[in-house]
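Chain by chain, the residues run as shown.
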Amino acid sequence: MRVFAIAGLALFAAGCAAPNALGRQSPPPLVVSDGCNGEILSAVFGMPGASGKRVAKTEIMPGYCEVSATLRPVAGSNIGVVYRLPEKWNGKLYGTGGGGWIGNVALQTVSEALRRGYATMQTDGGHPIGDVWDNSWAADDEQARDFSYRAIHEMTVTGKRLTARWYRKPHSRAYYLGCSTGGRMGLMEAQRYPADYDAIVAGAPVYTLQTQTSSVLRTNVFSKSGGFSPADLKLAETAALAACDANDGLKDGLINDPRQCTWNPATIQCSGAKTDSCLSAPQVQALQALYAGIRTPGGQWAMLPMSRGGESSWSFFVATDGKGNDPTKGGGLIGLEPVIFPGRKVDWANFSPEADVPHVRASAFAAIYEAKDTDLSAFFGRGGKLLMWHGESDAGPSPVGSNDYARAVIAANPQAVSQYRHFLAPGVGHCAGGAGADVLPLLEMVEQWDQTGHAPAVLVGTKRDGSLTRPHCAWPNVARYKGSGEANDPASWQCVARGA
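Predicted model only: the values in this text are computed from it and were never measured.

**Let's talk about the side chain of Thr 208**
Relative to the helices and strands, Thr 208 is located in the loop between strand 9 (199–203) and helix 5 (210–225). Exposure remark for Thr 208: the relative accessible area of 4% places this residue in the buried category. With residues up to four places along the chain from it excluded, the contact list for Thr 208 reads Arg 361, Tyr 369, Glu 370 and Lys 372.

Rendered as structure tokens:
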């Protein structure tokens, strides 16, 4: 199994890299002296092929046993898993998911949790890790089911058996953290397998195929506009910031509530020929469409809106140059053509919100892949905690989609008052990056929440270089500067109700 590394998708582990700031003292770690051999592995996995290797302690990492295996819960299923079992265990489990259309078994993703004594659990998602946008494997029904919902669950239940046997005691708590596809996998766990985890963090979740239909339609909007140069996108971003940056009480290069920004790109439309200081009429029309989004005749999002204030980062996920060469292949939707549109050649350049998008959402693949169920009563009924978060400048899955899910969860589940939180991070891109405070103490947050029962009202983020600190208020509130005080001091901000 090869490890992947791709900017914007492998970065979701960054939020778990801050030191533990909890006041509560942790129990003493359990020290295990067993060799990293096959006897326990054979008993747990019940099949040949599981292997373990001892990894020696270094200056920055603890010693641990690394276990690799393939799980085959049904015929045709081949779920690669990697477990890392620290010599000094804190009694807890840490699971995580993948990004794009692949899993993640990279040590970097779980290194901070491992340093803190967690036994970690990872999977390749049921197929070899390769191109992050390649999903040709989805033509195989069992591989599609593995990636959609089975891999994380099987990884988790087997990890619980392994650690109980290895450490000679059951785990005390189990937490899951993931972003992007990993966020979707986290929501799927809460929906399908409510007993797997005590707390789940789902960042920027690609929880429906609306992310993929949005990707195709955005590329088409840019193609019809003639395209944007990087300078054009920067021009739009600068104008949007000039109009709305100060709406939160402080001009700091961030729009805290983009949905309340009404800047119209027509204000920078060229009166004559296109120049570097203005946008053409087709470009203005394109931006207006991208900010507004497109709905199907049934009222569902076909193309989720994009946010004002982060335009210069859009090119990572969208073919903004107008040439139609989408680096993400429609977020992977084009690769699913044989699965969702069998026997038909799709005209992707003229992809229809009226006909094609409803077909995608009603497909058999969507039925197993989408994590859209908002009835979390079984998960909450066990005391489960769910923390969602999303960067406001995400050009992949739109924060609007996460907000829609948040509204529905709160409406459907009375327990959401104390067991569900959703945070938006102004200026932050897809799982990390952007101008905003993108380093989030997510693991510390769910630990504290789980231990004390007090749901967080604020999630304080920073930039890794220490240049920016900002409080992110629990949705539907938003941070507003009080008018005085050091901007990087969270006490200088207050949480207020955001606009609709």
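Still more to cover.
**What to know about the state of the cysteines**
Scanning the model with the defined rule gives four disulfides in all. Each sulfur of the disulfide joining Cys 179 and Cys 431 lies 2.1 Å from the other. Residues Cys 179 and Cys 431 are joined through a disulfide that is left-handed, its torsion about the S-S bond being -100°. Of the two residues, Cys 179 sits in strand 8 (residues 173–179) while Cys 431 sits in the loop between strand 13 (420–425) and helix 14 (442–452), which places them 252 residues apart along the sequence. Neither Cys 179 nor Cys 431 differs from the other in exposure class; each is buried. The disulfide bridge from Cys 244 ends at Cys 261, spanning 2.1 Å between sulfur atoms. Between Cys 244 and Cys 261, the S-S torsion sits near 75°, and that sign places the bridge as right-handed. Within this pair, whereas Cys 244 is found in helix 6 (residues 230–244), its partner Cys 261 is found in the loop between helix 6 and helix 7 (281–292), the two being separated by 17 residues in sequence. With respect to burial, Cys 244 and Cys 261 carry one shared label: buried.

**A few points about the packing of aromatic side chains**
The final tally for this structure, using the stated rule, is 21 aromatic pairs. Ring geometry for Trp 263 versus Tyr 291: centroids 6.3 Å apart, planes at 65°, classification edge-to-face. In this pair, Trp 263 is assigned in the loop between helix 6 and helix 7 and Tyr 291 in helix 7, connecting sequence segments 28 residues apart. Residues Trp 263 and Tyr 291 agree in their burial class; the two are buried.

**Structural notes on the pairing of strand 6 (residues 92–96)**
Of all five residues in strand 6, five are buried, a share of seventy percent or more. Of the two faces of strand 6, the one lined by Lys 92, Tyr 94 and Thr 96 and the one lined by Leu 93 and Gly 95 are each fully buried. Relative to strand 8, strand 6 runs parallel, the two being bridged by five bridges. Bridging across to strand 8, Thr 96 finds its partner in Leu 177. Relative to strand 7 (residues 119–123), strand 6 is paired through three bridges, and the arrangement is parallel. Counterpart to Tyr 94 in the pairing with strand 7 is Thr 120. Considered for its hand, the β-α-β crossover made up of strand 6, helix 2 (residues 107–115) and strand 7 is right-handed.

**So, unusual backbone geometry**
Geometrically, the link from Trp 475 to Pro 476 is a cis peptide bond, its omega value of 15° lying close to zero. Tracing the chain through its elements places Pro 476 in the loop between strand 15 (469–473) and strand 16 (477–481). Unusually for a residue other than glycine, Arg 168 sits at a positive phi of about 65°. Among the structural elements, Arg 168 can be located in the loop between helix 3 (141–167) and strand 8. Although it is not a glycine, Ala 204 adopts a positive phi angle of roughly 40°. Following the sequence through the fold, Ala 204 ends up in the loop between strand 9 and helix 5.

Here is what the cut-offs are and how they apply
Residues numbered from 1 in each chain as written. Predicted model: local features only at pLDDT ≥ 70, side-chain atom pairs only at ≥ 80, totals over all residues. Heavy atoms only, no water. Helix = DSSP H or I, 4+ residues; strand = E, 2+ residues; numbered from the N terminus. Buried < 20%, exposed > 50% of the residue type's maximum accessible area, 1.4 Å probe, protein only. Contact = heavy atoms within 4.5 Å. Disulfide = S-S within 2.5 Å. Phe/Tyr/Trp six-rings, centres within 6.5 Å; stacked < 30°, edge-to-face > 60°. Pairing = 2+ DSSP bridges. Right-handed = clockwise from strand over helix to strand, strands pointing away.

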